[in-house]
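Here is how the chains run, residue by residue.
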Amino acid sequence: MNRVTGILTTAFVVLLASCKIYSFKDTSIPAEVKSIHLGYIENRARLVNPALAPALNDALRQKINNQASRLAQRPDADADYDVSAWVSDYNYSTSGVSGQQAASTRLTVTVHIVFKNNLDPTGKKVAPANFEADVSRNFDFSAQTSITDAETQLLPTITSNLTDEIFNKLFSNW
């Protein structure tokens, strides 16, 4: 059984290598793609956490450097991939009630992404095609915690989770 597994694994690796797709951990970027432009992620939500946009920008650039390192990050939109994004929603709601009082609060953060494939906007030869999408995450915290304290405590988690969501939307074939 181990010999069969070894043969199948080898065949699978050869098959993947012949597809001309350069793969990273759970990501695939066509070999033709050499550069990416990341526009500054702006805060356009009604409520603004001033620390969020800079944290998202830094984290996304770092993630691309670490996990898609062969892509040159360019300062202009003439790159093979052009990505712009903005925080489109940042709001609080009651997520749990206990004894007719709020027990937990939910922060919802949404980032709108605009992806342009300058090599092939249709995605037929070089995937993916141009798209726009929203990524959104909820973050719950105790209603007894002030919003200021919650934002400070949650910022690393918000940044990490949204960066992963954005990266996956851009580079994963799920």
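Calculation notes
- Once a new chain begins, its residue numbering starts again from 1 and follows that chain's sequence as written.
- pLDDT decides what is reported in this predicted model: residues at 70 or higher carry local features, side-chain atom pairs at 80 or more are listed and counted, and totals for whole chains, interfaces and linings draw on all residues regardless.
- Side-chain calculation: all heavy atoms of the structure are included, whereas hydrogens and water are not.
- Every helix listed is a DSSP run of H or I at least four residues long, and every strand listed is a run of E at least two residues long, numbered separately from the N terminus.
- One side-chain nitrogen of Lys or Arg within 4 Å of one carboxyl oxygen of Asp or Glu is enough to make a salt bridge.
- Using a 1.4 Å probe on the protein chains alone, a residue whose accessible area is under 20% of its type maximum counts as buried, one over 50% counts as exposed, and one in between counts as partly exposed.
- Multiplying one less than the number of residues by 1.5 Å gives the expected span of a helix.
- Contacts are assigned to residue pairs that have any heavy atoms within 4.5 Å of one another.
- Stacked, tilted and edge-to-face are the three classes applied to pairs of Phe, Tyr and Trp rings, where Trp contributes its six-membered ring and a pair requires centres within 6.5 Å; stacked means planes under 30 degrees apart, edge-to-face means over 60, and tilted covers the rest.
- Cavities and pockets are found on a 1 Å grid laid over the protein atoms alone: a cavity is a set of points where a 1.4 Å probe fits but cannot escape, a pocket is an open set with protein on both sides within 12 Å along at least five of seven lines, and a lining residue has an atom within 4 Å of such a point.
- Grid points are joined across faces, edges and corners, and a volume is the space filled by probe spheres set on the points.
- Axis geometry follows a simple rule: fit a line to the C-alpha atoms, using only the stretch in contact for helices, then measure angles between N-to-C directions, giving values from 0 to 180 degrees.
- For this classification, under 35 degrees means roughly parallel, over 145 means roughly antiparallel, 65 to 115 means roughly perpendicular, and everything else is oblique.
- Helix crossings get a hand from a simple test, with the near helix turned counterclockwise from the far one by less than a right angle marking a left-handed crossing and a clockwise turn marking a right-handed one.
- Each residue gets one of three labels, nonpolar for Ala, Val, Leu, Ile, Met, Phe, Trp, Tyr, Cys and Pro, charged for Asp, Glu, Lys and Arg, and polar for the others, Gly among them.
- Throughout, bend refers to the angle between the axes fitted to the seven residues that end at a position and the seven residues that start at it.
- What we call a nonpolar core is a set of buried Ala, Val, Leu, Ile, Met, Phe, Trp, Tyr and Cys residues that are connected through their side-chain atoms within 4.5 Å.

This part covers unusual backbone geometry. The omega angle of the peptide bond from Ala127 to Pro128 is -10°, so this bond is cis rather than trans. Here Pro128 shows up in the loop between strand 7 (101-117) and strand 8 (131-142).

Moving on to the pattern of salt bridges. What the rule picks out here adds up to five salt bridges. For Asp76, the salt bridge identified is with Arg74, shortest N-O distance 3.4 Å. Taking relative accessible area as the criterion, Asp76 reaches 28% and is therefore assigned partly exposed.

Over its 16 residues, helix 2 (residues 52-67) runs 22 Å from end to end, which matches the ideal 22 Å to within 8%, given 1.5 Å per residue. Within helix 2, the full set of buried residues consists of Leu52, Ala53, Leu56, Asn57, Ala59, Leu60, Lys63 and Ile64. Tucked inside the fold, the buried residues of helix 2 contact strand 3 (35-38), strand 4 (42-43), strand 5 (72-73), strand 6 (81-98), strand 7 and helix 3 (147-171).

In this description, a pair of aromatic rings is defined by centroid distance and the angle of the planes. One pass over the structure, following the stated rule, counts five aromatic pairs. Here the aromatic rings of Tyr92 and Phe141 are separated by 6.1 Å at their centres, their planes lie at 90°, and the arrangement is edge-to-face. Placement of Tyr92 in strand 6 and of Phe141 in strand 8 is noted, with a sequence separation of 49 residues between them. Pairing Phe167 with Phe171 gives two aromatic rings, centres 4.9 Å apart and planes at 55°, and the pair type is tilted. With Phe167 and Phe171 both in helix 3 and four residues apart, this pair spans about one turn of that helix.

Looking now at the side chain of Thr105. One can find Thr105 in strand 7. If we ignore the near neighbours within four places in the chain, the residues touching Thr105 are Tyr92, Ser93, Ser95, Phe139, Asp140, Phe141, Ser142 and Ala143.

This brings us to empty space enclosed by the protein. If you walk through the whole model with that rule in mind, you get one cavity of 30 Å³ or more. Counted as a void, the largest cavity has a volume near 50 Å³. As for the largest cavity, its lining consists of Leu38, Gly39, Ile41, Asn57, Leu60, Arg61, Val83, Ser84 and Ala85. Counting only elements with at least two residues in the lining of the largest cavity, the list comes to helix 2 and strand 6.

Turning our eyes to something else, we now look at the environment of Lys169. Along the chain, Lys169 turns up in helix 3. Excluding residues within four positions of it along the chain, Lys169 makes contact with Ile113, Phe131, Ala133 and Val135.

A word on the packing of helix 2 against helix 3. Between two packed helices, what matters for the description is the angle formed by their axes and the separation of those axes. Across the interface, helix 2 lies against helix 3 with an axial gap of 9 Å and an inter-helix angle of 50°. In terms of axis orientation, helix 2 runs oblique to helix 3. Handedness of the helix 2/helix 3 crossing: right-handed. Contact with helix 2, carried on its side by Leu52, Ala55, Leu56, Ala59, Leu60, Lys63, Ile64 and Gln67, involves Leu155, Ile158, Thr159, Leu162, Thr163, Asp164, Ile166, Phe167 and Phe171 of helix 3 and no other residues of that element. When grouped by side-chain class, the residues that make up the contact of helix 2 with helix 3 number twelve nonpolar, three polar and two charged.

We now examine helix 3. Between its first and last C-alpha atoms helix 3 spans 33 Å; for 25 residues at 1.5 Å apiece the expected length is 36 Å, and the two agree. Maximal helix bending in helix 3 amounts to about 50°, located at Leu154; proline Pro156 follows within four positions.

It is worth spelling out the nonpolar core at this point. In this structure, Val87, Val109 and Phe171 are the most contacted members of the largest nonpolar core, which totals 35 residues. Elements with a minimum of two residues in this core: strand 3, helix 2, strand 6, strand 7, strand 8 and helix 3. Discounting residues that sit within four places of it in the chain, Val87 has contacts with Ile41, Glu42, Asn43, Arg44, Ala45, Leu52, Leu56, Val109, Thr110 and Val111.

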